Amino acid sequence: MNLKYEVITEDNISLCRDLCNELMAFQKSKAHITPERFDSMNFETRMVPSVKSAIHNYIVIVKDVEEIVGYVYSNVSPKEAYSNDFATFFDLSTVKKDNVGCLSQFFIKDGYRQFGIGSVLFNMSMEWLRQFNDVEDYFIYVSNGNTEALEFYVSKGFTVSHDILDGFITVLRK
Ligand SMILES: CC(C)(COP(=O)(O)OP(=O)(O)OC[C@H]1O[C@@H](n2cnc3c(N)ncnc32)[C@H](O)[C@@H]1OP(=O)(O)O)[C@@H](O)C(=O)NCCC(=O)NCCS
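So, a few notes on the structure that sits alongside this text.

So, how was this worked out
Residues numbered from 1 in each chain as written. Predicted model: local features only at pLDDT ≥ 70, side-chain atom pairs only at ≥ 80, totals over all residues. Heavy atoms only, no water. Helix = DSSP H or I, 4+ residues; strand = E, 2+ residues; numbered from the N terminus. Rg over C-alpha atoms; globule rule 2.2 N^0.38 Å. Buried < 20%, exposed > 50% of the residue type's maximum accessible area, 1.4 Å probe, protein only. Contact = heavy atoms within 4.5 Å. Core = buried A, V, L, I, M, F, W, Y, C linked by side-chain atoms within 4.5 Å. Expected span 1.5 Å × (residues − 1). Arc of directions from axis to C-beta. Phe/Tyr/Trp six-rings, centres within 6.5 Å; stacked < 30°, edge-to-face > 60°. Lys NZ or Arg CZ within 6 Å of the ring centre and 35° of its normal. Pairing = 2+ DSSP bridges. Axes fitted to C-alpha atoms, helices over the stretch in contact; angles between N-to-C directions. Polar contact = N/O pair within 3.5 Å; in protein donor to acceptor, adjacent residues only side chain to side chain.

### Observations concerning the overall build of the protein chain
So, step 1. For the protein chain, the count of helices and strands is four helices and seven strands.
So, step 2. Counted from the first residue to the last, the protein chain has its helices and strands arranged as β-α-α-β-β-β-α-β-α-β-β.
So, step 3. Radius of gyration (C-alpha) of the protein chain: 15 Å, near the 16 Å computed for a compact globule of 174 residues.
So, step 4. For the protein chain, the spread of C-alpha atoms along the three principal axes comes to 45 × 40 × 30 Å.
So, step 5. Relative to its 174 residues, the protein chain shows a buried fraction of 47%.
So, step 6. Restricting the contact set of the protein chain to residue pairs at least 6 apart, pairs at least 24 apart contribute 65%.

### Concerning the nonpolar core
So, step 1. If you look at the biggest cluster of nonpolar residues, it comprises 34 residues, and the most contacted ones within it are Met47, Tyr71, Phe89, Phe90, Tyr141 and Ile169.
So, step 2. Looking at this core, the elements that each hand over two or more residues are helix H1 (17–30), helix H2 (43–53), strand E2 (56–64), strand E3 (67–78), strand E4 (99–108), strand E5 (135–143) and strand E7 (169–173).
So, step 3. The biggest single contributor to this core is H1, with four residues.
So, step 4. The contact partners of Tyr71, leaving out residues within four places of it in the chain, are Cys16, Leu19, Cys20, Leu23, Met47, Val60, Ile61, Gln105, Phe106, Phe107 and Leu121.

### Re H1
So, step 1. An ideal rise of 1.5 Å per residue puts 20 Å on 14 residues; H1 measures up with 20 Å between its terminal C-alpha atoms.
So, step 2. All of the buried residues in H1 are Leu19, Cys20, Leu23, Met24 and Gln27. Along the long axis of H1, the arc covered by the buried residues comes to 145 degrees, so they all point the same way. Exposed side chains of H1 directed beyond 90 degrees from the buried face belong to Asp18 and Ser29.

### Focus: the packing of aromatic side chains
So, step 1. Across all of its chains, the model carries 17 aromatic pairs by this definition.
So, step 2. For the ring pair Phe38 and Phe168, a centre distance of 5.2 Å and an interplane angle of 50 degrees mean the geometry is tilted. Placement of the pair is Phe38 in the loop between H1 and H2 and Phe168 in the loop between strand E6 (159–164) and E7, with a sequence separation of 130 residues. Side by side, Phe38 and Phe168 carry an identical accessibility label, which is buried.
So, step 3. Three or more aromatic residues link up through ring pairs in this structure, and these residues are Tyr82, Phe86, Phe89, Phe90, Phe139 and Tyr141.
So, step 4. Directly above the ring of Phe168 sits Arg37, whose terminal nitrogen or CZ lies 5.2 Å from the centroid.
So, step 5. Of note, Arg46 hangs over the ring of Phe86, and the distance from its end group to the ring centre comes to 5.8 Å.

### A short note on the sheet that holds E6
So, step 1. In spatial order, the strands read E1-E2-E3-E4-E5-E7-E6; together these seven strands make up an open sheet with mixed pairing. This sheet does not close on itself; its edge strands, each paired only once, are strand E1 (3–8) and E6. The average undirected angle you get between the axes of adjacent strands in this sheet is 25 degrees.
So, step 2. Here nine bridges tie E2 to E3, and the two strands are oriented antiparallel to one another. Residue pairing for E3: Val62 is matched across the bridge by Gly70.
So, step 3. Against the sheet, H2 engages E2, E3 and E4, with an angle of about 45 degrees to E3.
So, step 4. With respect to the sheet, helix H3 (residues 117–130) is in contact with E1, E2, E3, E4 and E5, its orientation differing from that of E4 by roughly 165 degrees.

### A short note on H2
So, step 1. Looking at H2, one finds that the buried residues are Phe43, Met47, Ser50 and Val51. Looking straight down H2, one finds that the buried residues subtend no more than 105 degrees of arc, so they occupy a single side. Residues Lys52 and Ser53 are exposed on H2 and point more than 90 degrees away from its buried face.
So, step 2. Contacts made by the buried residues of H2 are with H1, E2, E3 and E4.
So, step 3. With a side-chain oxygen lying 2.9 Å from the backbone nitrogen of Glu44, the N-terminal cap of H2 falls on Asn42.

Spelled out as C-alpha coordinates, the structure:
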(Lines give C-alpha, C1' and ligand atoms only; values in the text may rest on other atoms or scores of the structure.)
Protein backbone atom coordinates (compact mmCIF):
# COMPACT_ATOMS: atom_id res chain seq x y z
CA MET A 1 0.00 0.00 0.00
CA ASN A 2 1.17 3.45 -0.90
CA LEU A 3 -1.37 5.65 0.85
CA LYS A 4 -1.92 9.38 0.45
CA TYR A 5 -4.44 11.42 2.47
CA GLU A 6 -5.87 14.41 0.61
CA VAL A 7 -8.26 17.08 1.83
CA ILE A 8 -10.47 17.97 -1.13
CA THR A 9 -12.58 21.05 -1.83
CA GLU A 10 -16.35 21.08 -2.28
CA ASP A 11 -15.85 21.50 -6.03
CA ASN A 12 -14.31 18.05 -6.15
CA ILE A 13 -16.88 16.04 -4.19
CA SER A 14 -17.71 13.98 -7.28
CA LEU A 15 -14.47 12.12 -6.48
CA CYS A 16 -16.52 10.53 -3.69
CA ARG A 17 -19.47 9.50 -5.90
CA ASP A 18 -18.58 5.82 -6.32
CA LEU A 19 -17.55 5.27 -2.70
CA CYS A 20 -20.61 7.12 -1.41
CA ASN A 21 -22.83 4.85 -3.49
CA GLU A 22 -20.89 1.83 -2.21
CA LEU A 23 -21.45 3.05 1.34
CA MET A 24 -25.24 3.18 0.80
CA ALA A 25 -25.23 -0.35 -0.66
CA PHE A 26 -23.04 -1.58 2.22
CA GLN A 27 -25.40 -0.08 4.81
CA LYS A 28 -28.42 -1.61 3.04
CA SER A 29 -26.74 -5.03 3.10
CA LYS A 30 -26.27 -4.76 6.88
CA ALA A 31 -29.70 -3.37 7.74
CA HIS A 32 -32.63 -5.47 8.95
CA ILE A 33 -34.96 -2.59 9.83
CA THR A 34 -36.42 -0.92 6.72
CA PRO A 35 -33.38 -1.50 4.46
CA GLU A 36 -35.50 -0.24 1.56
CA ARG A 37 -34.96 3.29 2.88
CA PHE A 38 -31.53 3.07 1.27
CA ASP A 39 -33.02 2.62 -2.20
CA SER A 40 -33.37 6.37 -2.66
CA MET A 41 -30.07 7.21 -0.97
CA ASN A 42 -27.07 7.87 -3.18
CA PHE A 43 -24.36 10.43 -3.84
CA GLU A 44 -26.82 12.85 -5.52
CA THR A 45 -29.52 12.60 -2.85
CA ARG A 46 -27.27 12.44 0.24
CA MET A 47 -23.88 13.98 -0.23
CA VAL A 48 -24.60 16.80 -2.69
CA PRO A 49 -27.51 18.35 -0.71
CA SER A 50 -25.66 17.91 2.57
CA VAL A 51 -22.55 19.70 1.33
CA LYS A 52 -24.72 22.50 -0.07
CA SER A 53 -26.70 23.05 3.13
CA ALA A 54 -23.85 22.82 5.64
CA ILE A 55 -21.99 25.89 6.90
CA HIS A 56 -18.57 24.20 6.76
CA ASN A 57 -17.52 20.96 5.08
CA TYR A 58 -14.45 18.79 5.44
CA ILE A 59 -13.77 15.93 3.06
CA VAL A 60 -10.69 13.74 3.10
CA ILE A 61 -9.98 11.03 0.54
CA VAL A 62 -7.37 8.28 0.79
CA LYS A 63 -5.59 7.12 -2.33
CA ASP A 64 -3.56 3.98 -2.85
CA VAL A 65 -1.38 5.24 -5.69
CA GLU A 66 -4.14 6.64 -7.96
CA GLU A 67 -7.11 4.59 -6.72
CA ILE A 68 -9.42 6.23 -4.17
CA VAL A 69 -9.90 3.63 -1.42
CA GLY A 70 -11.68 5.62 1.27
CA TYR A 71 -13.18 8.92 2.33
CA VAL A 72 -14.64 10.69 5.30
CA TYR A 73 -17.07 13.60 5.19
CA SER A 74 -17.77 15.83 8.18
CA ASN A 75 -19.65 19.08 8.49
CA VAL A 76 -20.88 21.86 10.72
CA SER A 77 -24.56 22.72 10.31
CA PRO A 78 -27.26 24.68 12.14
CA LYS A 79 -28.92 22.34 14.63
CA GLU A 80 -32.29 23.04 12.95
CA ALA A 81 -31.04 21.12 9.91
CA TYR A 82 -31.57 17.96 11.97
CA SER A 83 -35.29 18.39 12.43
CA ASN A 84 -36.97 17.93 9.08
CA ASP A 85 -39.59 15.90 7.16
CA PHE A 86 -37.35 12.82 7.25
CA ALA A 87 -36.71 12.75 11.00
CA THR A 88 -35.93 14.63 14.17
CA PHE A 89 -32.41 13.38 14.83
CA PHE A 90 -32.08 14.72 18.39
CA ASP A 91 -33.86 16.93 20.88
CA LEU A 92 -32.75 20.39 19.76
CA SER A 93 -33.23 21.75 23.29
CA THR A 94 -30.33 19.58 24.51
CA VAL A 95 -27.90 21.53 22.29
CA LYS A 96 -26.98 24.94 23.73
CA LYS A 97 -25.08 26.36 20.76
CA ASP A 98 -26.60 27.17 17.36
CA ASN A 99 -24.48 24.75 15.36
CA VAL A 100 -23.54 21.08 15.63
CA GLY A 101 -20.72 18.99 14.21
CA CYS A 102 -21.34 15.73 12.42
CA LEU A 103 -19.18 12.95 11.08
CA SER A 104 -21.57 12.30 8.25
CA GLN A 105 -20.13 9.71 5.87
CA PHE A 106 -17.27 7.29 6.28
CA PHE A 107 -16.19 4.47 3.98
CA ILE A 108 -13.02 2.46 3.54
CA LYS A 109 -13.00 -0.11 0.76
CA ASP A 110 -13.02 -3.78 1.72
CA GLY A 111 -9.41 -4.95 1.86
CA TYR A 112 -8.24 -1.64 3.33
CA ARG A 113 -10.12 -1.93 6.64
CA GLN A 114 -8.51 -2.78 9.99
CA PHE A 115 -5.16 -1.23 9.03
CA GLY A 116 -5.68 2.00 10.96
CA ILE A 117 -6.80 4.09 7.96
CA GLY A 118 -10.20 4.72 9.55
CA SER A 119 -8.52 5.88 12.76
CA VAL A 120 -6.39 8.39 10.82
CA LEU A 121 -9.46 9.77 9.03
CA PHE A 122 -11.48 9.82 12.24
CA ASN A 123 -8.76 11.77 14.06
CA MET A 124 -8.40 14.25 11.18
CA SER A 125 -12.18 14.84 11.28
CA MET A 126 -12.28 15.38 15.03
CA GLU A 127 -9.33 17.74 14.88
CA TRP A 128 -11.09 19.72 12.14
CA LEU A 129 -14.35 19.84 14.12
CA ARG A 130 -12.59 20.96 17.30
CA GLN A 131 -11.48 24.27 15.72
CA PHE A 132 -15.07 25.63 15.78
CA ASN A 133 -15.61 27.42 19.06
CA ASP A 134 -19.33 27.69 18.36
CA VAL A 135 -19.71 23.89 18.28
CA GLU A 136 -19.93 21.81 21.46
CA ASP A 137 -22.04 18.88 20.30
CA TYR A 138 -20.91 16.22 17.87
CA PHE A 139 -23.14 13.56 16.30
CA ILE A 140 -22.71 10.39 14.28
CA TYR A 141 -25.66 8.48 12.81
CA VAL A 142 -25.22 4.74 12.33
CA SER A 143 -27.78 2.67 10.46
CA ASN A 144 -29.08 -0.53 12.02
CA GLY A 145 -27.05 -3.71 11.63
CA ASN A 146 -23.73 -1.90 11.32
CA THR A 147 -22.38 -3.10 14.68
CA GLU A 148 -18.72 -2.85 13.65
CA ALA A 149 -19.02 0.86 12.86
CA LEU A 150 -20.97 1.47 16.06
CA GLU A 151 -18.28 -0.23 18.13
CA PHE A 152 -15.56 1.67 16.26
CA TYR A 153 -17.14 5.01 17.22
CA VAL A 154 -17.73 3.91 20.82
CA SER A 155 -14.06 2.89 21.06
CA LYS A 156 -13.23 6.44 19.92
CA GLY A 157 -15.22 8.02 22.74
CA PHE A 158 -18.72 8.48 21.30
CA THR A 159 -21.76 7.35 23.33
CA VAL A 160 -24.93 5.73 22.08
CA SER A 161 -27.69 8.28 22.71
CA HIS A 162 -30.95 6.93 21.23
CA ASP A 163 -32.59 5.33 18.21
CA ILE A 164 -34.75 7.10 15.67
CA LEU A 165 -37.07 5.97 12.87
CA ASP A 166 -38.08 2.80 14.76
CA GLY A 167 -34.47 1.71 15.12
CA PHE A 168 -33.40 2.44 11.55
CA ILE A 169 -30.72 4.82 12.86
CA THR A 170 -28.77 4.88 16.14
CA VAL A 171 -27.64 8.34 17.19
CA LEU A 172 -24.19 8.60 18.77
CA ARG A 173 -23.12 11.71 20.56
CA LYS A 174 -20.14 13.40 22.14
C1 LIG B 1 -15.81 1.85 10.06
C2 LIG B 1 -14.55 2.05 9.21
C3 LIG B 1 -14.57 3.41 8.56
C4 LIG B 1 -13.33 1.93 10.13
O5 LIG B 1 -12.17 2.06 9.36
P6 LIG B 1 -10.91 1.08 9.54
O7 LIG B 1 -9.84 1.56 8.65
O8 LIG B 1 -11.36 -0.33 9.40
O9 LIG B 1 -10.57 1.41 11.06
P10 LIG B 1 -9.21 1.14 11.83
O11 LIG B 1 -8.39 0.12 11.12
O12 LIG B 1 -8.59 2.41 12.15
O13 LIG B 1 -9.79 0.57 13.17
C14 LIG B 1 -10.62 -0.60 13.18
C15 LIG B 1 -10.20 -1.48 14.29
O16 LIG B 1 -8.98 -2.07 13.93
C17 LIG B 1 -8.02 -1.85 14.94
N18 LIG B 1 -6.75 -1.59 14.27
C19 LIG B 1 -6.24 -0.39 13.94
N20 LIG B 1 -5.04 -0.53 13.37
C21 LIG B 1 -4.82 -1.85 13.31
C22 LIG B 1 -3.76 -2.63 12.80
N23 LIG B 1 -2.69 -2.07 12.27
N24 LIG B 1 -3.89 -3.96 12.86
C25 LIG B 1 -4.98 -4.53 13.41
N26 LIG B 1 -6.00 -3.83 13.91
C27 LIG B 1 -5.92 -2.53 13.87
C28 LIG B 1 -8.47 -0.65 15.68
O29 LIG B 1 -8.04 -0.72 17.02
C30 LIG B 1 -9.97 -0.73 15.57
O31 LIG B 1 -10.50 -1.47 16.61
P32 LIG B 1 -11.67 -0.82 17.48
O33 LIG B 1 -12.83 -0.59 16.53
O34 LIG B 1 -11.91 -1.83 18.51
O35 LIG B 1 -11.10 0.48 17.97
C36 LIG B 1 -14.42 0.95 8.12
O37 LIG B 1 -14.42 -0.31 8.73
C38 LIG B 1 -15.47 0.99 7.04
O39 LIG B 1 -15.36 1.73 6.09
N40 LIG B 1 -16.51 0.17 7.17
C41 LIG B 1 -17.51 0.05 6.15
C42 LIG B 1 -18.37 1.29 6.01
C43 LIG B 1 -18.96 1.75 7.29
O44 LIG B 1 -19.44 0.98 8.11
N45 LIG B 1 -18.96 3.08 7.48
C46 LIG B 1 -19.48 3.72 8.65
C47 LIG B 1 -20.86 4.19 8.38
S48 LIG B 1 -21.55 4.97 9.83
